[in-house]
Amino acid sequence: MSFAALWESLLPVGRDGASGGYRRFSWTPEDAACRAWFTRAAAERDLRVLTDRNGNLWAWWDPPGLPGAPGAPGAPAGPAAPGGAKAVVTGSHLDSVPDGGAFDGPLGVVSAFAAVDLLRERGHVPVRPLAIAAFSEEEGARFGVACLGSRLLAGTIDPGTARALPDAAGVTLAEAMAAAGHDPDGIGPDDDLLAAVGAYVELHIEQGRALADLNAAIAIGEQIWPHGRWRLDFTGQPDHAGTATLADRRDPMLPLAAAVLAARQAAASHGARATVGKVIAEPGAVNAVSARVSAWLDARGPDESTLQAVVGEVLSAAREAAASHGVGLAAEPESVSPAVRFDPGLRETLASSLAARGIRAPVLPTAAGHDAGVLAARVPSAMLFVRNPTGVSHSPAEHAEPADCAAGVQALAAVLEDLGCR
Ligand code: GLV
Ligand code: MN
Ligand code: MN
C-alpha cells in the first residue's frame, strides 16, 4: 500500500525545525508546496486535478467512458453519471494551525489517495465520479475564518467579505490569492460543483481519546458541536510601568484577565469548552501599560443554547471588567458554526460497509470543526475518525499509529467501494 510513501513525501513540507510543528498557512509558499504535492500525487494516479474558483483542490477519478464528470472541459452541471448518480467525494485539508500536528487534515487526504490505490489493486473501477478534495484555509489560521474554502464553496460567507479578510500583517485574502496566482474575483458559491456531489466522506484523526478508551481504531462521526470564535479588542491608555500610579491606569490587560478566567468558569459550569489561545498586546513593551490588547475566544458547546450562554457570560464579564478599569471593549464574532448532525442515511451506509468487513466502529460526536460540517448543509456528509492514542491535537504531539492509519485506509476504501465502485 502507498500510504507510507505518500505520508513521508508530505512530512517535510512546512515543518518548523525548532518546534517540530507545522506552519502551513493558506496562500503561502508552504501552501504552494502542499498544492504541488497534491497535484503530483494525483498525476501519479492519473487523476484529473481541478482547482475550483475558491482555491480548493479536487482530484477526479472519472468512471470509464464518462468524460463529462464534474470539472472536465464541457462538463454538464449537476448529475454527471448515467442514471443521475452524483459524485462521491472524500478528502480533508492540508493547511495547519500554528505549530500544528502532522495528522489534522493531511491524514484524510493521504488516506484518500491510498484508498484509491487499494481499490485499484483490488480491481475496482468507479461507477460514479469519485474525487479527492483538499479544502483551503480549513483552520482559519491566516484569515481568521475557519473552513473558509468550503464556506465560500457552499455560499455561507459573502465573497466580498472574504476578499477583504486581513491576515496578521494586513494582507487581504484577495491580495494573498492574487500573489499566489489565483483570481480572487472568481471566489464565491459554486452551486454547479456542489450539485454534482452526492456524498462527502471526510476521514480525520480523532481530536480526543475516546477511541483509545474504547479500544477501537475507527469511529463514525455522529455530530459536531456548535462552535465559534469571537475577537475582543480592549483599548486602554498606554503609560509608564513604573511611574503611572495604579489609580491612574486604564490597563486593557486587566479586563482581558477577567475574561480569560470567566471563560474557564463558564465552560466548566456549562459542560462546554472555552479557550483564549491567541493574544496580541500592543505596543508590547515590557515596561509599559498596553495601549490595546486583542484576544480571541474560541467557544464550543453541546448545543446552541449552551454555546450562547457561555459566550454571553464571558462577554458580560469582559464588559463589566472593562468598564470598571476605564477600558474600551469591542467584541465581534469572526466565524460561528452551527451544530451539525451528519446525514443519518450516509452514516448507516458507513456503518454497514464497516460491519460487513468486520471493522468495529463506534459512533462519536466531536467538538472540532471540519469542512464536512460546512458541506453537510448542502450535501449528505459523513466522517470517519482514526484513533489518536493521547487525544492531543493542534500540537506537534498529535499522533496516530501506522496500524491505525492502515485501518483508516481500509475503512475509507470499503466506504468508497460500496458508495461508488464495482
Ligand atoms: C479545527 O480543527 C477546529 O476545530 O478549530
Ligand atoms: Mn484542526
Ligand atoms: Mn482538521
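Refer to the structure above for everything that follows.
Rules and cut-offs
- Residues numbered from 1 in each chain as written.
- Chains lettered and ligands numbered in written order.
- Predicted model: local features only at pLDDT ≥ 70, side-chain atom pairs only at ≥ 80, totals over all residues.
- Heavy atoms only, no water.
- Helix = DSSP H or I, 4+ residues; strand = E, 2+ residues; numbered from the N terminus.
- Buried < 20%, exposed > 50% of the residue type's maximum accessible area, 1.4 Å probe, protein only.
- Contact = heavy atoms within 4.5 Å.
- Lys, Arg positive; Asp, Glu negative; His and termini not counted.
- Charge placed at Lys NZ, Arg CZ, Asp CG, Glu CD.
- Pairing = 2+ DSSP bridges.
- Axes fitted to C-alpha atoms, helices over the stretch in contact; angles between N-to-C directions.
- Near = heavy atom within 4 Å.
- Polar contact = N/O pair within 3.5 Å; in protein donor to acceptor, adjacent residues only side chain to side chain.
- Areas by Shrake-Rupley, 256 points an atom, 1.4 Å probe, with all protein chains shown as cover.
- Nonpolar A, V, L, I, M, F, W, Y, C, P; charged D, E, K, R; others polar.
- Donors = N, O, S within 2.8 Å, 3.2 Å for Na, K, Ca; no water.
- Phe/Tyr/Trp six-rings, centres within 6.5 Å; stacked < 30°, edge-to-face > 60°.
- Lys NZ or Arg CZ within 6 Å of the ring centre and 35° of its normal.
- Core = buried A, V, L, I, M, F, W, Y, C linked by side-chain atoms within 4.5 Å.
- Salt bridge = Lys/Arg side-chain N within 4 Å of Asp/Glu carboxyl O.

Caption draft 1: Main features of the overall build of the chain. Tallying secondary structure elements over the chain gives 13 helices and 15 strands in all. By its C-alpha atoms, the chain is 80 × 45 × 40 Å across when sized along the principal axes. By the burial criterion, 54% of the 422 residues in the chain qualify as buried. When contacts within the chain are restricted to residue pairs at least 6 apart in sequence, those whose partners lie at least 24 apart make up 78%. Across the chain, 33 positive and 48 negative side-chain charges occur, with their mean positions spaced 2 Å apart.

Caption draft 2: Examining the sheet that holds strand β7 (residues 227-235) more closely. Here four strands make up an open sheet; going across it, the order is β9-β11-β7-β12 and the pairing antiparallel. The sheet is open, and its two borders are formed by β9 (273-282) and β12 (328-337), each paired with just one other strand. Neighbouring strand axes in the sheet, compared pairwise and without regard to direction, differ in orientation by 15° on average. Two strands pair when backbone bridges link them, and β9 and strand β11 (residues 292-300) are joined in this way by nine bridges, in the antiparallel orientation. Counterpart to Arg273 in the pairing with β11 is Arg300.

Caption draft 3: Just the site of ligand 1, in detail. All residues in the neighbourhood of ligand 1 are listed as Asp104, Glu139, Gln207, Arg300, Ala368, Gly369 and His394. Here an oxygen atom of ligand 1 sits 2.7 Å away from a polar atom, N or O, in the main chain of Gly369. Contact distances for ligand 1 include 3.0 Å between an oxygen atom and a side-chain N or O atom of His394. When isolated, ligand 1 has an accessible area of 190 Å², and the protein chains bury 93% of it. Residue classes in the shell around ligand 1 are distributed as one nonpolar, three polar and three charged.

Caption draft 4: Up close: the coordination of the manganese ion (ligand 3). The protein atoms donating to the manganese ion (ligand 3) are His93 (NE2), Asp104 (OD) and His204 (NE2), with metal-donor distances spanning 2.0 to 2.2 Å. Read from N- to C-terminus, the donor residues coordinating the manganese ion (ligand 3) fall into the pattern H-x10-D-x99-H. A separation of 3.6 Å is found between the manganese ion (ligand 3) and the manganese ion (ligand 2), both of which receive a donor from Asp104. Of this pair, His93 sits in strand β3 (residues 87-93) while His204 sits in strand β5 (residues 197-205), and the two are 111 residues apart along the sequence. On the basis of relative accessible area, His93 is assigned to the buried category, the value being 0%. The exposure class assigned to His204 is buried, which follows from its relative accessible area of 1%.

Caption draft 5: Fine view of the packing of aromatic side chains. With the rule as written, the count across this model stands at seven aromatic pairs. Ring centres of Trp37 and Phe113 lie 5.9 Å apart, and the angle between their planes is 80°; on these two criteria the pair is classed as edge-to-face. Separated by 76 residues along the polypeptide, Trp37 in helix α2 (residues 29-44) and Phe113 in helix α3 (residues 106-121) bring together distant segments of the chain. Both residues of the pair, Trp37 and Phe113, count as buried. Between Phe135 and Tyr200, the aromatic rings sit 5.7 Å apart at their centres with planes inclined by 85°, giving edge-to-face as the arrangement. Of this pair, Phe135 sits in strand β4 (residues 130-135) while Tyr200 sits in strand β5; the two residues are 65 residues apart in sequence, bridging distant segments of the chain. In terms of burial, Phe135 and Tyr200 fall into one category: buried. Ring-pair connections join several aromatic residues into one group, and the members of that group are Trp58, Trp60, Phe135 and Tyr200. The lysine or arginine in question, Arg120, covers the ring of Trp61, its NZ or CZ lying 4.7 Å from the ring centre.

Caption draft 6: A look at the nonpolar core. Core analysis: the largest hydrophobic core is formed by 57 residues, its most contacted members being Trp37, Phe38, Leu107, Phe113, Ile132 and Leu384. Ranked by residue count, the leading element in this core is α3, at ten residues. When sequence neighbours within four positions are dropped, the list of residues in contact with Ile132 reads Phe38, Leu47, Leu57, Trp58, Ala59, Thr90, Val109, Ala112, Phe113 and Val116.

Caption draft 7: Quick look at the coordination of the manganese ion (ligand 2). Only Asp104 (OD), Glu139 (OE), Glu139 (OE) and His394 (NE2) from the protein reach the manganese ion (ligand 2) as donors, at distances of 2.0 to 2.7 Å. The class for Asp104 is buried, based on a relative accessible area of 6%. With relative accessibility at 38%, the residue His394 sits in the partly exposed group.

Caption draft 8: Here's a closer look at the side chain of Asp104. With respect to the helices, strands and loops of the structure, Asp104 is situated in the loop between β3 and α3. It is Arg300 that comes nearest to the buried, bridge-free Asp104 among opposite-charge side chains, at 8.9 Å. Of the polar contacts made by the side chain of Asp104, one reaches the side chain of His394; its length is 2.9 Å. For Asp104, the residues in contact, after removing those within four places along its chain, are His93, Asp95, Glu139, His204, Ile205, Gln207, Ser393, His394 and Glu398.

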